[in-house]
Amino acid sequence: MADRPPRLEGKVAIVTGAGMGLGNSTAILFAEQGARVVVADSNQEAGEKTVAQICDQGGEAIFVLMDVRRASDAQQMVSAAVDRFGQLDILINNVGVQVNKNVLDTTEDEWDFVLDTNLKAMFICSKYAIRQMRQQRGGSIVCISSLSGLVGNALQASYNASKHGVIGLARCMAIDHAADNIRVNVVCPGSMNTPLTLTIPEEKIAPYRKANLLERFAEPIEIAQTVLFLASDEASFVTGSVMVADGGFTTR
């Protein structure tokens, strides 16, 4: 059997929040699969490290310092992709933050911070990506939601509201831009082994590891593989879809 060609050969992809965790794994995986990658992050050191990892493996990548909540930064991010690589085929909306409080204890500033970062940012980044993709007559957008976008959780009022909103936004974009040959899909990951979870004492986090059917957290690369499928032409008939990768948590 002939070797399988790279699944993203000839594609240009933007990955937001690509400095660490799922974003880092996704950016590196996309480069391994032939994509030229724009690594977008508010953390310059982390973002440049991801670029170095890609380039050290023979891939092509550039870093863009940005705040996903700012329209001017999102516009600059898309322009950087086109200026450097000549096109934009894929956008991965990945940035997310969390405040663990109920409605009574959540301040308006905290609410705005979470909703702006988790939801408004995806609207802004998608807006400028879609403008470019329409000119090219096609593209693929993958928005990272969460299993918290499907269920309710204690002390996650703002986070869950934002992640539910991501699903609604993506479905509407899929409808609005199907005629432009732009596919929009969602991945809902469960808990992952990220730099953040590594800071939590094991005795506190152990019960959560047992909460899904596989009784473990995902490695970021496992979720990145799901993102890769939706971003690639292998998912050419998939749009408006919500793909759950939560180890079976939501089956209970």
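See the structure above.
Position labels on residues start from 1 in each chain and follow its written sequence. Since the coordinates come from a predicted model, pLDDT governs what is reported: local features require at least 70, and pairs of side-chain atoms require 80 or more to be given and counted, while whole-chain, interface and lining totals use all residues. Hydrogens and waters are ignored; side-chain quantities use all the structure's heavy atoms.

1. Side note on the nonpolar core
And step 1. Only buried residues count toward a nonpolar core. Its members are Ala, Val, Leu, Ile, Met, Phe, Trp, Tyr and Cys residues joined through side-chain atoms within 4.5 Å. Each residue is assigned to one of three classes by its accessible area relative to the maximum for its type, calculated with a 1.4 Å probe on protein chains only: buried under 20%, partly exposed between the two thresholds, exposed over 50%. Judged by nonpolar contacts, the single largest core of 36 residues is most densely connected at Ile14, Met66, Met77, Leu91 and Ile141.
And step 2. Broken down by secondary-structure element, the contributors of at least two residues to this core are strand 1 (12–16), strand 2 (36–41), strand 3 (61–65), helix 3 (71–85), helix 4 (108–136), strand 5 (139–144), helix 5 (157–176) and strand 6 (182–189).
And step 3. Throughout, a contact is declared for two residues whenever any of their heavy atoms are within 4.5 Å. Here isoleucine 14 is in contact with Val38, Met77, Val78, Ala81, Leu88, Ile90, Leu91 and Ile92, once residues within four sequence places are set aside.
And step 4. Formed by 32 residues, the second largest nonpolar core is a distinct cluster that contains Met192, Val227, Ala231 and Ala245. Strands are runs of DSSP state E lasting at least 2 residues, helices are runs of H or I lasting at least 4, and numbering of each runs from the N terminus.

2. Details of the environment of arginine 84
And step 1. Within the secondary structure, arginine 84 is located in helix 3.
And step 2. Residue arginine 84 is classed as exposed on the basis of its relative accessible area of 52%.
And step 3. Taking C-alpha positions, arginine 84 is 37 Å from threonine 199, a pair spaced 115 residues apart along the chain.

3. Structural notes on the packing of helix 1 (residues 21–32) against helix 2 (residues 44–56)
And step 1. For the pair helix 1 and helix 2, the least separation of the axes is 10 Å and the interaxial angle reads 25°. With respect to their mutual orientation, helix 1 and helix 2 come out roughly parallel. Taken as a pair, helix 1 and helix 2 cross one another with a handedness that is right-handed. Every residue of helix 2 that contacts helix 1 at Asn24, Ala27, Ile28 and Ala31 is listed here: Thr50, Gln53 and Ile54.
And step 2. Considered class by class, the residues forming the contact of helix 1 with helix 2 number four nonpolar, three polar and no charged. Every angle, taken between N-to-C directions, lies between 0 and 180 degrees, and every axis is a line fitted to C-alpha atoms, over only the stretch in contact when it is a helix. In these notes the angle categories are as follows: under 35 degrees is roughly parallel, over 145 is roughly antiparallel, 65 to 115 is roughly perpendicular, and the rest is oblique. In this scheme the crossing of two helices becomes right-handed for a clockwise turn of the near helix relative to the far one and left-handed for an anticlockwise turn of less than a right angle. Gly is placed with the polar residues, together with every amino acid not listed as nonpolar (Ala, Val, Leu, Ile, Met, Phe, Trp, Tyr, Cys and Pro) or charged (Asp, Glu, Lys and Arg).

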